[in-house]
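# Summary of the model geometry
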Amino acid sequence: MFLRWTRRLAILLAVLASVSLFLMMLQTVIDVLASNLAGRPIPGNLEVISVYHMVLVVFLPLAFVEMKKEPIAVDLVYRMLPDIVKRWVLLCGYLVTATFFGFLAWKTGGDALRSFAMNEMMMGAVFLTIWPAKLALPVGFGAALLMVLANAWQAATDPDFNPSPDVPEGAET
């Protein structure tokens, strides 16, 4: 059940990141058209894109990447290990990764709460409230932590668990 809910959360956050990516593209196109056709670009366009859209696009899908088992990995030595050692190395790697994501969620969560408490703003072409964007970091790191813990649980309990990404049908390996 934990795995199912964690996967749903990962998918939801990836969808939100995709929506943000689409809105970023749409906003950029509208800004270019407004600049070139009317001579009036969108005020604060760069700030909104860099503070909101880019943050959401980068940090929200972290759990989805973990769910798909597609983080960057170098497994040259891992492939040469016996199966029992592979299992322990994999489990230890997941626990180290979980610790890393947990620390990042905790630190960025504290920063987001401080930013919220002071209603932190950024001054540029326009004033922009930035605490909502800072909330995306602990949410993304926290969801990635949950997904890594789910993967660690599977690696520890399921003898058929495969840490490699799923190969699409018809693709050559």
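Residues numbered from 1 in each chain as written. Predicted model: local features only at pLDDT ≥ 70, side-chain atom pairs only at ≥ 80, totals over all residues. Heavy atoms only, no water.

Let's shift gears to the pattern of salt bridges. Scanning the entire structure with this criterion turns up 2 salt bridges. Taking the shortest distance from any N to any O, the salt bridge between Asp111 and Lys134 comes out at 3.5 Å. One end of the pair, Asp111, is in helix 4 (residues 83-117); the other, Lys134, is in helix 5 (residues 131-157), and 23 residues separate them in sequence. The exposure class of Asp111 is partly exposed, given its relative accessible area of 32%. Looking at Lys134, the relative accessible area reads 21%, which means it is partly exposed. When the shortest N-O distance is used, the salt bridge between Lys134 and Glu120 registers 3.0 Å. Remark: Glu120 occurs in the loop between helix 4 and strand 1 (121-123) and Lys134 occurs in helix 5; sequence separation between them is 14 residues. Its relative accessible area of 22% is what places Glu120 among the partly exposed residues. Connected through shared salt-bridge partners, Asp111, Glu120 and Lys134 make up one network. (Salt bridge = Lys/Arg side-chain N within 4 Å of Asp/Glu carboxyl O. Helix = DSSP H or I, 4+ residues; strand = E, 2+ residues; numbered from the N terminus. Buried < 20%, exposed > 50% of the residue type's maximum accessible area, 1.4 Å probe, protein only.)

Close contact between helix 1 (residues 2-38) and helix 2 (residues 45-59) brings their axes to 8 Å; oriented N to C, the two are set at 160°. On the basis of their axis angle, the class for helix 1 and helix 2 is roughly antiparallel. The interaxial crossing formed by helix 1 with helix 2 has left-handed handedness. Along its contact with helix 1, which presents Ala17, Ser20, Leu21, Leu23, Met24, Gln27, Thr28 and Asp31, the element helix 2 presents Asn45, Val48, Ile49, His53, Met54, Leu56 and Val57. (Axes fitted to C-alpha atoms, helices over the stretch in contact; angles between N-to-C directions. Parallel < 35°, antiparallel > 145°, perpendicular 65-115°, else oblique. Left-handed = near helix turned anticlockwise from the far one by under 90°. Contact = heavy atoms within 4.5 Å.)

Turning our eyes to something else, we now look at the nonpolar core. In terms of nonpolar packing, the biggest core is built from 13 residues, with Leu90, Tyr94, Phe101, Phe141, Val148, Ala155 and Phe161 touching the most fellow members. Elements supplying a minimum of two residues to this core: helix 4 and helix 5. A total of 7 residues in this core trace back to one element, the largest contributor, which is helix 4. If we ignore the near neighbours within four places in the chain, the residues touching Phe101 are Leu62, Glu66, Phe141, Ala144, Leu145 and Val148. In this structure, Val55, Leu60, Ala136 and Ala150 belong to the second largest nonpolar core, which totals 11 residues. (Core = buried A, V, L, I, M, F, W, Y, C linked by side-chain atoms within 4.5 Å.)

Evaluation of the coordinates by the stated rule reveals 6 aromatic pairs. Look at Phe100 and Phe101: their rings are 5.8 Å apart centre to centre, the planes differ by 50°, and that puts the pair in the tilted class. A connected cluster of aromatic rings, assembled from ring pairs, spans Phe59, Phe100, Phe101 and Phe141. The cationic tip of Arg8 hangs over the ring face of Trp5; the distance from NZ or CZ to the ring centre is 4.9 Å. Its guanidinium or amino end placed over the ring of Trp106, Lys107 lies 5.3 Å from that ring's centre, counting from NZ or CZ. (Phe/Tyr/Trp six-rings, centres within 6.5 Å; stacked < 30°, edge-to-face > 60°. Lys NZ or Arg CZ within 6 Å of the ring centre and 35° of its normal.)

This part takes up unusual backbone geometry. In this structure, Asn119 is a non-glycine residue whose phi angle is positive, near 50°. Inspection of the secondary structure puts Asn119 in the loop between helix 4 and strand 1.

A few words now on the side chain of Ser20. With respect to the element layout, Ser20 can be found in helix 1. Of the residues examined, Ser20 reaches a relative accessible area of 4% and is grouped as buried. Once residues lying within four places of it in the same chain are set aside, the contact partners of Ser20 are His53, Leu56 and Val57.

Limitation: the analysis is restricted to geometry and does not speak to function.
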